[in-house]
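Here's the letter readout for the chains.
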Amino acid sequence: MIHYDDYNLQLIERAIRRYDNRGDRWRMRGLLEVRKEMLNAQAMSHQEELLPDIIAFNDGFRDALKIMYDKAHYLYRQVNAPREYSKSTSHI
């Protein structure tokens, strides 16, 4: 398990919260970029440990997307299917 208890990371996160409260988006954006780079560097140093979780997540995500895709196409076909009207249906 990776622990992100890096003191520098904590300082950056405090600064991000401070800029977020003041609405200084440009400075906060730069700090978020630095934070992302730090987290990526730590994650890449533990790549072997994280890879099985990433693969499992991707497999589950792909399966969920396939289900959603199939349901959306089923509903599309149901909505756009030709309608059969009985002869007793009156058209006003």
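For the structure, check the block above.
First things first, this report covers the structure right here in the doc. Just so we're clear, the structure is a prediction, and the values are computed from it rather than from any experiment.

### Re the packing of helix α2 (residues 25-45) against helix α3 (residues 47-80)
The description of two helices packed together rests on the angle between their axes and the distance between the axes.
Thought 1: At a closest axis distance of 6 Å, the pairing of α2 and α3 adopts a crossing angle of 95°. The orientation of α2 with respect to α3, classified from their angle, is roughly perpendicular. When α2 is examined against α3, the residues Ala43, Met44 and Ser45 are found in contact with a partner set consisting of Gln47, Glu48 and Leu50.
Thought 2: Looking at the contact of α2 with α3 residue by residue, the class counts come to three nonpolar, two polar and one charged.

### Brief notes about helix α1 (residues 7-22)
Thought 1: With 16 residues, α1 should cover 22 Å at 1.5 Å per step; its first-to-last C-alpha distance of 23 Å lies within 8% of that length.
Thought 2: Along α1, the residues classified as buried are Leu9, Ile12, Ala15, Ile16 and Tyr19. Along the axis of α1, the buried residues cluster in a sector spanning 125°; they form a single face. Opposite the packed face of α1, turned more than 90 degrees from it, sit the exposed residues Tyr7 and Asn21.
Thought 3: Against α2 lie the buried residues of α1.
Thought 4: For α1, the side-chain oxygen to backbone nitrogen distance between the N-cap and Asn8 is 3.1 Å, and the N-cap itself is Asp6.
Thought 5: In the segment just after α1, Gly23 is the residue with positive phi, at about 80°.

### What to know about a positive patch on the surface
Thought 1: Residues Arg14, Arg17, Arg18 and Arg22 make up a contiguous surface patch of positive charge.
Thought 2: You can call Arg17 partly exposed: its relative accessible area is 48%.

### Let's talk about the pattern of salt bridges
Thought 1: Scanning the entire structure with this criterion turns up four salt bridges.
Thought 2: For Glu13, the salt bridge goes to Arg35, with nearest N and O atoms at 2.9 Å. Highlighted residues: Glu13 in helix α1 and Arg35 in helix α2, separated in sequence by 22 residues.
Thought 3: The class for Glu13 is partly exposed, based on a relative accessible area of 23%.

Cut-offs and rules
- Residues numbered from 1 in each chain as written.
- Predicted model: local features only at pLDDT ≥ 70, side-chain atom pairs only at ≥ 80, totals over all residues.
- Heavy atoms only, no water.
- Axes fitted to C-alpha atoms, helices over the stretch in contact; angles between N-to-C directions.
- Helix = DSSP H or I, 4+ residues; strand = E, 2+ residues; numbered from the N terminus.
- Parallel < 35°, antiparallel > 145°, perpendicular 65-115°, else oblique.
- Contact = heavy atoms within 4.5 Å.
- Nonpolar A, V, L, I, M, F, W, Y, C, P; charged D, E, K, R; others polar.
- Expected span 1.5 Å × (residues − 1).
- Buried < 20%, exposed > 50% of the residue type's maximum accessible area, 1.4 Å probe, protein only.
- Arc of directions from axis to C-beta.
- Polar contact = N/O pair within 3.5 Å; in protein donor to acceptor, adjacent residues only side chain to side chain.
- Patch = residues over 30% accessible without salt bridge, like charges linked within 9 Å, V, L, I, M, F, W, Y side chains within 5 Å.
- Areas by Shrake-Rupley, 256 points an atom, 1.4 Å probe, with all protein chains shown as cover.
- Salt bridge = Lys/Arg side-chain N within 4 Å of Asp/Glu carboxyl O.
- Lys, Arg positive; Asp, Glu negative; His and termini not counted.
- Charge placed at Lys NZ, Arg CZ, Asp CG, Glu CD.

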